[in-house]
There are 2 protein chains.
Amino acid sequence: MKDTIKVFAPATVANVVCGFDVLGFAVNEPGDEVVMRLTNKPGITISQITGDEGRLPREASKNTVSASVQHYLQHLGRTEVGLDIALHKKMPIGSGLGSSSASTVAGLFAVNELLGRPLSTRELVPFAMKGEELACGYGHADNVAPALMGGFVLIRSYQPLDLVALPFPDELYAAIVYPEVDVPTKDARQMIRNKVFLKDAVTQWGNVAGLVSGLFMKDLDLIGRSMQDVLVEPVRSILIPDFEKMRTLATDAGAAGFGISGSGPSVFALAGSRETARKITFELQNHLHRININSKSFVSQVNAEGPKVLD
Amino acid sequence: MKDTIKVFAPATVANVVCGFDVLGFAVNEPGDEVVMRLTNKPGITISQITGDEGRLPREASKNTVSASVQHYLQHLGRTEVGLDIALHKKMPIGSGLGSSSASTVAGLFAVNELLGRPLSTRELVPFAMKGEELACGYGHADNVAPALMGGFVLIRSYQPLDLVALPFPDELYAAIVYPEVDVPTKDARQMIRNKVFLKDAVTQWGNVAGLVSGLFMKDLDLIGRSMQDVLVEPVRSILIPDFEKMRTLATDAGAAGFGISGSGPSVFALAGSRETARKITFELQNHLHRININSKSFVSQVNAEGPKVLD
C-alpha cells in the first residue's frame, strides 16, 4: 500500500440560490490539495500549510482537516495511525466557495485511501460535517456532500442524514466571481431571520422543486427560472457590492440563473456553454474593477467525480 | 361538431404532504361528471345537479362550474354561446379531494371540447383557478392543475403561473379514506400560522425536493421518506379523528407514505400495489368504524390522463 498520497477536492456552490442548506454542487476549479503521509508515530501533525496567508490554525486539534481526520480515525478505532499533513490552499478563504469544506474533504478522502478505503465516499460525509462545525459553528452538509460525491447533491434530511445525488445537464458551466470583500459565514448566518412568512416559504419550495425538476429534465431554462430566493438572498446580498447590478450584467450576458454562492461574497451564474460563462465573469469583473473592488473569477464545468488522487 | 358532451374529471390529492400549495396528483376514482349541451340562447343554465344533497348553488353566477365556464367564454369573446349544464357529483363535497376542482375542470374541459378545443388543456388552468377562488376564497392550483393535466403536477410559481408535469412510478396506488366529518377548506386554511421558523421551512423544502427526486427516480422508498410535513400537518391533523393512529395503521399495512389530502379530512397513503392500498383502506375504515365514524374509501392508480370524454 502507498504511504503517501496527494488529493484534490473541489470547491462547491452551496444553496444554489433557492435551496438554502439542502442543495449544493461541485466545480472542477478551484479546489484544495492535501498531501498526506503515513508516519510511525501515532497522532496527526500538520507540517505545512500554503496559500492561506497564515490564517489557518497549525495546531492539529484546531485545524478542520486534522480534526475531522482525527474524528474519522477514532470512529474506526485506528488511533495508532500516524499522519503528516501538508495542506495547499488553492482557493480563497471566506469566499463562499466551500474553502474549509474542500480542505476537509481532501483530508478525509486521503486518509480513507491510505487506509485501504474502509468507508465509502458517502460515508465520509458525517466526518466532514464535523469539520464544518469547527470551521463555521454549524455542521452543514451542502458543501461537503457535493465536494465528496461530485455533481449536485440534495440533503433531503439532516436527521437522519439522507443524501440524494441529482443528475444535471451534460453541458452546464458555472461562472464564479469572488469580490474580495470579507463576509465570514458565521456573520452571514446571523443576519438571517429566524421566522419567515409561510407564503414566502411556499414560493421558495416551489422554486426548490422546480430546480430539482429542471436538473432531472436537463432543462436549463427551468433551472434558471427556479433560481430565485425570496428569503435569504434579500438579506445576504446587502453585504455584496452592487449585487443587483451584477445580476443584470450576468443575465444580459446569457446566464440561465444567478445568485450568491453559499454565504457569499462570491456570486455565481449557471450557463449552457463555457463561452457564455467566460463572458459572464468578464462582465462582472469589469464592473467590479470600475467600482475599485478586486476580484477573482473561475469558469468551470460542474464537477462530476468529487475528490481525486493526483499524480 | 357534437352539441352534447359528457366529461369525467378526476379527484385530486393536493399538497402530497410536504408540498403545500405547490404539488398535487390526480386519481382515477372518484371524480365528477358534467353533461354539457350547446343551446340556442346565449348564457349558461344549470339544469340539474345530482349527488350534492342540495348543497351547491344552482344559480349560474354562483356555481363554480358555470362561473369558470362563463369566464372562459368571456376570455374567448364567445359570449353568444348558450350552454346547458348537468353536474353529477360522484364524490363527497368538503372532503379534501378537490371536489369543486373536479366539477370545474369537467365543465371547462367540456366547453373547450364543444367549441373545437381553442385552448390547450394546460391553458385551461387559470380559468379553473378562478373557480377555486369562488369555491374556497383562494385561487390555488394544486387541485385543478393535476385534475386537468393528470399525474403529478408541480406549480413552480403562481406569478407567473409555471406548471411542471412530473413523472411517477408505473405502479403507484393511492389509498384514500374520507372520515365523514366536516372540515371546510376556508377554516382549515385559517388555522395555519402566517409565520414559520426558517429551520422548519428548510426541513420542508428538503422533503419537497426529496419527493420530486423520488418521483423522477421512480423510487417509492424515497417518495415515502419525503412525505413529511412539519408545518401544516401538525395544525390540520387536529381536525382529523385519530390521525396519528391512522398513520401507524397505514404504515403497518405497507404504506410508503401517509398524510392529509388537501385540507382534509380525507387522508391518503401511497403504495406500490393495489393489494397494499386495499389493505390500508380496510385497516383505516375498520378503525374509524370502531370509533363510530362513518367513512368512504377509494383505491386507485394515479390518474395519468386528466379529464376524459365519456360514451
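For the structure itself, look to the data block above.
Residues numbered from 1 in each chain as written. Chains lettered and ligands numbered in written order. Predicted model: local features only at pLDDT ≥ 70, side-chain atom pairs only at ≥ 80, totals over all residues. Heavy atoms only, no water.

> Pulling in residues and values, what's your account of the environment of B:Leu288?
All names here are of chain B. With respect to the helices and strands, leucine 288 occurs in helix H10 (residues 274-290). For leucine 288, a relative accessible area of 0% gives the class buried. Non-local contacts of leucine 288, meaning those with residues more than four positions away in its chain, are made with Val177, Pro179, Pro241, Met246, Ile293 and Ser295. (Helix = DSSP H or I, 4+ residues; strand = E, 2+ residues; numbered from the N terminus. Buried < 20%, exposed > 50% of the residue type's maximum accessible area, 1.4 Å probe, protein only. Contact = heavy atoms within 4.5 Å.)

> Pulling in residues and values, what's your account of unusual backbone geometry?
With an omega dihedral of -5°, the bond running from A:Gln159 to A:Pro160 counts as a cis peptide bond. Its location among the elements puts A:Pro160 in the loop between strand E5 (152-157) and strand E6 (162-166). We note that A:Asp21 has phi near 70°; this positive angle belongs to a residue other than glycine. In this structure, B:Asp242 takes a positive phi of about 50° despite not being glycine. Here B:Asp242 lies in the loop between helix H8 (233-236) and helix H9 (243-252).

> Quick one: what's the story with the sheet that holds strand E11 (residues 295-301) of chain A, residue by residue and with numbers?
All names here are of chain A. Taken together, four strands build an open sheet; the order of strands is E9-E10-E7-E11 and the sheet is antiparallel. Of all strands in the sheet, those with a lone pairing partner are strand E9 (257-260) and E11, marking the two edges. This sheet shows a mean twist of 15° between the axes of neighbouring strands, independent of strand direction. One ladder, built from seven bridges, connects strand E7 (residues 173-179) with E11; its direction is antiparallel. Bridge pairing links valine 177 to serine 297 in E11. Docked against the sheet, helix H9 (residues 243-252) engages E9 and strand E10 (267-271), running at close to 155° with respect to E9. Lying on the sheet, helix H10 (residues 274-290) is in contact with E7, E9, E10 and E11; it crosses E7 at an angle near 15°. (Pairing = 2+ DSSP bridges. Axes fitted to C-alpha atoms, helices over the stretch in contact; angles between N-to-C directions.)

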